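# What the coordinates show
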Amino acid sequence: SSGINTEYGDFGRHLIGSPTHSNLKLSTSEGGEVRASSVILSFNSPVIDHMTTSLHMTSVDMLEFSEAAVQLLVDAAYSGTAEGISRDIFRDINKIANVFEVSWLVEKCAGYFTEVADSVKTPSYTELKFLFDEAAFVFENLKSKDFVTVIMKKIEILKWKTQFIDAYLDNADRLSTKKLDMVIELAGTEVDCVVQALTRQLSELLLERGLPNYCQYLLDNSNLSLCRESNRVLFDQLFDILDTLPDDKIRWTHNLLRKSTRMSVPAIANQNIEPQSNPKQDTATAEGSTLITPLPRSDLIPNLYHSLDMDMSLDELFEWLFVSEEVTNILMAVEAIDAWHGNKVMFNNSRFSSVYGSTLRNRIDELRRRRGWPRLSSTLIGSSFCWVSLDISFLCSLTDISIDNHSYVSISCTDSSSYNNELMNLLGRRAKYKFHFKHPSVNSCDLAGHCGFILKTVPSEHELWDLQLCTEREDYINETIHFHEEIRAENIHIYCITSPSSPSSPISPSGVFFSCIVLARLAPR
């Protein structure tokens with residue numbers, strides 16, 4: 001393209017500034033003034049045509065624009081070309097073209113932006129930041145995302161998303177919410193890019209002074225469940241840092257973590273579930289009632305069923321428990337020891353002696369202290385639900401449970417050994433189990449039915465079964481119980497006593513004995 005305004009032609013640059021033809025005064029920023037022909041500008045801009053022809057104006061205030069940009073508008077209108085656009089005045093001339101509806105000049109500005117983007121062949125933060133900022137300005141002020149699309153595509157092509165976001169957020173306290181929205185959009189499903197940058201910054205801040213507004217905005221508006229799925233270590237690092245926030249941010253952190261742990265049923269689990277011919281077998285419940293429809297969205301209950309190695313020695317088992325990210329509380333640790341010992345009893349005919357049991361209690365308590373896990377609820381004092389006949393009272397708090405002590409409380413127990421084999425494969429099929437439970441932080445409730453929750457099994461051909469907490473409103477339609485958001489998956493523990501189907505196999509729902517005790521931690525993380 002020659003860059004000529006073919007609709008109106010070239011009126012001649014020699015006419016610019018002519019006292020005879022320059023009847024319109026354009027006032028610019030910093031007291032500048034540019035004079036031009038109202039007729040020539042009217043040919044290019046319907047807005048100026050209306051101002052001069054209908055409103056009979058002899059001067060136009062363009063005080064938000066630089067004199068250089070206004071002069072370029074006049075030059076373009078007279079010559080029919082867009083020569084002279086540069087980065088210094090691009091923002092002003094692009095906005096002038098849009099505000100005064102100089103359509104052909106709008107196209108030229110868009111072309112200039114695209115040319116600059118195309119010229120970036122290798123990653124350059126300076127070049128990409130210019131494009132990103134200009135796209136953000138247009139998005140904020142002109143409500144157009146055309147430039148946003150161009151810069152997003154360019155960064156994707158250069159495969160420089162993580163590096164750009166990390167550098168761009170270095171000055172995040174100066175960024176508008178629109179720019180933060182663009183950062184979130186750029187990250188897309190790779191939320192790690194944002195979390196990594198924020199985690200680095202937050203680790204260097206004194207959080208007792210509070211959380212920067214931009215951090216809270218980014219965290220509130222990012223899908224952190226994607227980070228949790230793809231990079232659990234980074235996810236945990238973030239919340240370890242957020243745990244140090246002042247008390248007035250505890251509820252916000254609690255809600256953010258709850259929202260972040262929402263996830264749909266994993267695709268692999270869905271693929272492994274075969275439709276059942278008998279719907280009654282699909283919908284067994286703890287109350288013996290029948291639930292009809294598998295529910296779409298829940299929270300996974302943390303478990304160690306997929307990776308406990310029965311071949312480990314006791315020392316190796318404790319080494320694993322000291323560092324495993326899958327073992328998140330003392331009950332899970334006891335459960336792992338219990339299942340490991342059950343395997344030894346069944347297949348090696350070995351059992352802990354009473355003296356060894358005392359040593360074991362000391363090692364378990366040391367594990368609890370080193371991992372920083374809270375004690376169990378005093379309501380569990382005297383409980384012994386282990387192969388090793390281990391009284392867990394030494395792990396319990398001696399005081400009554402309260403909403404502040406992070407304790408666990410026993411909700412219900414299911415023992416498949418007394419079900420005449422009907423539930424021997426309790427977790428090996430699709431089923432839902434209802435529990436009555438009112439969380440202590442729910443002060444009053446006027447909803448119909450009982451407070452409680454539903455757990456749903458997610459079976460698998462390869463014994464990689466899971467349990468999910470149903471959290472969506474539609475999960476409880478036509479149910480006799482209702483759900484409160486204070487109950488969270490990461491605060492529920494399903495203590496399972498089971499035996500593996502063979503030596504060295506993972507914990508399996510097809511074991512010869514199975515007991516399930518459902519417990520809930522009362523306080524948020």
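See the structure printed just above.
Small disclaimer: the values here were computed from a predicted structure and weren't measured. (Residues numbered from 1 in each chain as written. Predicted model: local features only at pLDDT ≥ 70, side-chain atom pairs only at ≥ 80, totals over all residues. Heavy atoms only, no water.)

Bringing unusual backbone geometry into the picture now. For residues that are not glycine, phi is negative in most cases, and the peptide bond is trans in most cases. In this model, Glu-30 sits at a positive phi of 55°, which is unusual for a non-glycine residue. Within the fold, Glu-30 resides in the loop between strand E1 (24-28) and strand E2 (33-36). Of note in the backbone geometry, Glu-101 takes a positive phi value of approximately 55° without being a glycine. Inspection of the secondary structure puts Glu-101 in the loop between helix H4 (87-99) and helix H5 (103-119). On the basis of relative accessible area, Glu-101 is assigned to the partly exposed category, the value being 46%. (Helix = DSSP H or I, 4+ residues; strand = E, 2+ residues; numbered from the N terminus. Buried < 20%, exposed > 50% of the residue type's maximum accessible area, 1.4 Å probe, protein only.)

Read from one edge to the other, the open sheet built from three strands follows the order E2-E1-E3, with strand pairing classed as mixed. A strand with exactly one partner marks an edge of an open sheet, and here the two such strands are E2 and strand E3 (59-62). This sheet shows a mean twist of 20° between the axes of neighbouring strands, independent of strand direction. As paired elements, E1 and E3 share four bridges and run parallel to each other. Bridged to Leu-26 within E3 is Val-60. Sheet contacts for helix H3 (residues 67-79): E1, E2 and E3; angle to E2, the most-contacted strand, approximately 10°. (Pairing = 2+ DSSP bridges. Axes fitted to C-alpha atoms, helices over the stretch in contact; angles between N-to-C directions. Contact = heavy atoms within 4.5 Å.)

Nonpolar side chains in soluble globular proteins tend to end up buried together. If you look at the biggest cluster of nonpolar residues, it comprises 87 residues, and the most contacted ones within it are Phe-132 and Leu-242. Leaving out residues up to four positions away in the same chain, Phe-132 has contacts with Ile-151, Met-152, Ile-155, Phe-164, Tyr-168, Lys-179, Met-182, Val-183 and Leu-186. Counting residues in each nonpolar core, the second largest holds 26 residues, with Leu-308, Phe-318, Met-332 and Leu-395 among its members. (Core = buried A, V, L, I, M, F, W, Y, C linked by side-chain atoms within 4.5 Å.)

This part is about the state of the cysteines. All chains considered together, the criterion is met by zero disulfides. Unpaired in this structure, Cys-193 has its nearest cysteine sulfur neighbour in Cys-227, at a distance of 9.8 Å. (Disulfide = S-S within 2.5 Å.)

With the rule as written, the count across this model stands at 17 salt bridges. Salt-bridge contacts for Lys-161 lead to Glu-156; the nearest nitrogen and oxygen are separated by 2.9 Å. Residue classification places Lys-161 among the buried residues on the basis of a relative accessible area of 8%. Between Lys-161 and Glu-190 there is a salt bridge; the shortest N-O distance is 3.3 Å. (Salt bridge = Lys/Arg side-chain N within 4 Å of Asp/Glu carboxyl O.)

Function-wise, these values are silent; they only describe arrangement.
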